[in-house]
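Spelled out from the first residue to the last, the chains are:
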Amino acid sequence: YWKSTLFYQLVFTIVYFSTLTIFLIFLYQYFEIGSKIIEVKPLLESSNAETSANGYIELLSSSNVRNLVYFFSVVASALVYPLNIGFFKIYSLIDEQKPISLNYLFEGYLGNNFFKFLSYYLIWGTVFYLLKMSIFPFAFLWVVFTIFVAPLLFFTPMNLIEAMKISFKVVAGN
């Protein structure tokens, strides 16, 4: 699979990271992070390690930086998540020995698929974001218990709740 999809992986990488970079630049400006950095710059440039650390703590504890981190890690990632789904289509076409083209990479954005995978990732990303800030095993368990949701949503006519229930049952049963 790897060698036959190398071109699509390259295109995926370029589209994925360029889109996230554009979102990051937009969010950086929207949440006025630059002005916050300028505000704490004297602390950050201090030769005293404790003063410099306090500057970083002040910067990272500001609500604007926390909002940027949330929106970037959940919302922006949710908007590019459907790009991952295209590989399901590409791999299934390879298995069926059918020709593949670049437009299959964007299968997750077609019609209802976009809203299905966007809503899934918004829920998944928010739960993961909250769990990873608490205790590590819970975030790991969330990933494990939801591992089958995206393929179930893509290959079957299930809704999100049904796919999550089945994924939880399958993982809990093993």
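Details of the structure are given in the entry above.
Now for a quick tour of the structure.

**Let's talk about the overall build of the protein**
Counting its regular elements, the protein contains nine helices and zero strands. For the protein, the sequential pattern of α-helices and β-strands runs α-α-α-α-α-α-α-α-α. Relative to the 2.2 N^0.38 estimate, which gives 16 Å for 174 residues, the radius of gyration of the protein is 20 Å and therefore markedly larger than a compact globule would have. Counting over 174 residues, the protein shows a buried share of 34%. Here the contacts in the protein between residues at least 6 apart in sequence split such that 59% fall between residues at least 24 apart.

**Quick notes on the pattern of salt bridges**
The final tally for this structure, using the stated rule, is four salt bridges. Where K36 meets E58, a salt bridge forms, and the shortest distance between an N and an O atom there is 3.8 Å. Note that K36 is positioned in helix 2 (residues 33-44) and E58 in helix 3 (residues 49-60), a separation of 22 residues in sequence. Given a relative accessible area of 32%, E58 falls into the partly exposed group. Where salt bridges share partners, they join K36, E39 and E58 into one cluster.

Conventions used here
Residues numbered from 1 in each chain as written. Predicted model: local features only at pLDDT ≥ 70, side-chain atom pairs only at ≥ 80, totals over all residues. Heavy atoms only, no water. Helix = DSSP H or I, 4+ residues; strand = E, 2+ residues; numbered from the N terminus. Rg over C-alpha atoms; globule rule 2.2 N^0.38 Å. Buried < 20%, exposed > 50% of the residue type's maximum accessible area, 1.4 Å probe, protein only. Contact = heavy atoms within 4.5 Å. Salt bridge = Lys/Arg side-chain N within 4 Å of Asp/Glu carboxyl O.

Without other data, these values stay purely geometric and don't point to any function.
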